[in-house]
Amino acid sequence: MRDTGVAQRSDWGLSRSEFAAAVSAGRLLRIAQGWYATPQADPDTVRALRLGGRLCCLSALPAEMWVPRDGRLHIAVRKSDPAPAVSGVTVHRLRSEGWGSSEAALPLETNLHLALRHHSVEVGLTVVETAVEQGLLTPMAAARLVEGQTSRRYLSGLRHFDPRSGSGSETRVRLWFQRRNVPIRSQVQIVGVGRVDLLVGESLVIEVDSAAFHTGRERYEEDRRRDLALTALGFQVVRLAYAQVFTS
């Protein structure tokens, strides 16, 4: 569950006098009816509650996930609630009168469903596959989420779901090939080398590098050792940097 520093009055675990003292001292701030937050609380969650909704979709996904931010605040409102019209805010209307959670941010699977429903195939698959890679969602649960989408516009693209993807960058590159009907596999084990990010056809290896895992002298030398080993086995190796994947 996302740690937001925001909770309802009854969830702080304080006695009446302790709670009053915390509010009086400014350790807890009233941000909406029944909701209180620490001064260091997540500002997106606070704003969502002040707008009468709950944090959701891309804005509510865990920090450890790779999430393609779109610069907007995503909030959910219930079926019959008024939707605030505020610049920079995307409102997702739920199909129920309840929230399905007592938390200030909606649950992970709800947010992934909203991402699949309201965003592009690439964004939807990226966040679902990242949740699997981070161990936040089982492959079976992820498959159910993907298979539960009914929009014809998405169904052809969502068939490319692959729980083996190692990062959002890999998902983007893989989809580029899949949409062109080029055979490509994720996280392929090659004897004498180990796993490679992507194998196109039978001989083209694509390694998608990130600043987080491919910097430093030891990592640099290990990558080159692997490249030489792959070349000796008859593979062609292409390395793509993050900027090349998302800005080229």
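In what follows, the structure referred to is the one given above.
The sections below set out a description of the structure shown in this document. (Residues numbered from 1 in each chain as written. Predicted model: local features only at pLDDT ≥ 70, side-chain atom pairs only at ≥ 80, totals over all residues. Heavy atoms only, no water.)

When you line up the elements, Asp162 lands in the loop between helix H6 (152-158) and helix H7 (168-178). Once you skip the residues sitting within four places of it in the chain, Asp162 turns out to touch Glu129, Arg174 and Ser186. (Helix = DSSP H or I, 4+ residues; strand = E, 2+ residues; numbered from the N terminus. Contact = heavy atoms within 4.5 Å.)

For the rest of this paragraph, the subject is the nonpolar core. Among the nonpolar cores identified, the biggest contains 30 residues, and Leu58, Leu112, Val127, Val128 and Leu137 are the most heavily contacted of them. Those elements giving two or more residues to this core turn out to be helix H3 (108-118), helix H4 (121-133) and helix H5 (139-147). With near-sequence residues (within four places) excluded, Val127 lies in contact with Leu58, Leu61, Met65, Trp66, Val67, Pro68, Leu112 and Ala115. (Core = buried A, V, L, I, M, F, W, Y, C linked by side-chain atoms within 4.5 Å. Buried < 20%, exposed > 50% of the residue type's maximum accessible area, 1.4 Å probe, protein only.)

A word on the packing of H4 against H5. Packing of H4 against H5 leaves a shortest axis separation of 9 Å and a crossing angle of 165°. The angle between H4 and H5 places the two elements in the roughly antiparallel class. Handedness of the crossing formed by H4 with H5: right-handed. For the pair H4 and H5, contact is made by Leu125, Val128 and Val132 and by Pro139, Ala142 and Val146, respectively. Across the contact of H4 with H5, the residue classes break down as six nonpolar, no polar and no charged. (Axes fitted to C-alpha atoms, helices over the stretch in contact; angles between N-to-C directions. Parallel < 35°, antiparallel > 145°, perpendicular 65-115°, else oblique. Left-handed = near helix turned anticlockwise from the far one by under 90°. Nonpolar A, V, L, I, M, F, W, Y, C, P; charged D, E, K, R; others polar.)

Using the criterion set out here, one finds ten salt bridges in the structure. Of the charged contacts, one joins Arg172 and Glu122 as a salt bridge, the two residues approaching to 2.4 Å between their closest N and O atoms. Of this pair, Arg172 sits in helix H7 while Glu122 is found in helix H4, placing the two residues 50 residues apart along the sequence. You can call Arg172 partly exposed: its relative accessible area is 27%. A salt bridge links Arg225 to Glu222, with the nearest nitrogen and oxygen atoms 2.9 Å apart. (Salt bridge = Lys/Arg side-chain N within 4 Å of Asp/Glu carboxyl O.)

What follows covers the sheet that holds strand E9 (residues 204-208). Across a sheet, strands are paired by hydrogen bonds formed along the backbone, either parallel or antiparallel in direction. Taken in spatial order, the four strands line up as E7-E8-E9-E10 in an open sheet, and their pairing is mixed. Each edge of the open sheet is held by one strand with a lone partner, namely strand E7 (184-190) and strand E10 (236-240). Between one strand axis and the next, the sheet turns through 40° on average, direction left out of account. Sitting on the sheet, helix H8 (residues 217-232) is in contact with E7, strand E8 (194-200), E9 and E10, with an inclination near 150° to E10. (Pairing = 2+ DSSP bridges.)

Moving on, we get to the sheet that holds strand E4 (residues 54-55). Strands sit in the order E4-E5-E6 across an open sheet of three strands; the sheet is mixed. Edge positions in the sheet fall to E4 and strand E6 (89-93), since each of these pairs with one other strand and no more. For strand E5 (residues 73-77) and E6, the ladder comprises five bridges, and the chain directions are parallel. Its bridge partner lying in E6, Ile75 is registered against Val91.

For the structure on display, the rule yields four aromatic pairs. Pairwise contacts between aromatic rings join Trp66, Tyr242 and Phe246 into one cluster. Sitting above the plane of the Trp176 ring, Arg180 keeps its charged end 3.9 Å from the centroid. Directly above the aromatic system of Tyr220 lies the positively charged group of Arg224, at a separation of 4.0 Å from the ring centroid. (Phe/Tyr/Trp six-rings, centres within 6.5 Å; stacked < 30°, edge-to-face > 60°. Lys NZ or Arg CZ within 6 Å of the ring centre and 35° of its normal.)

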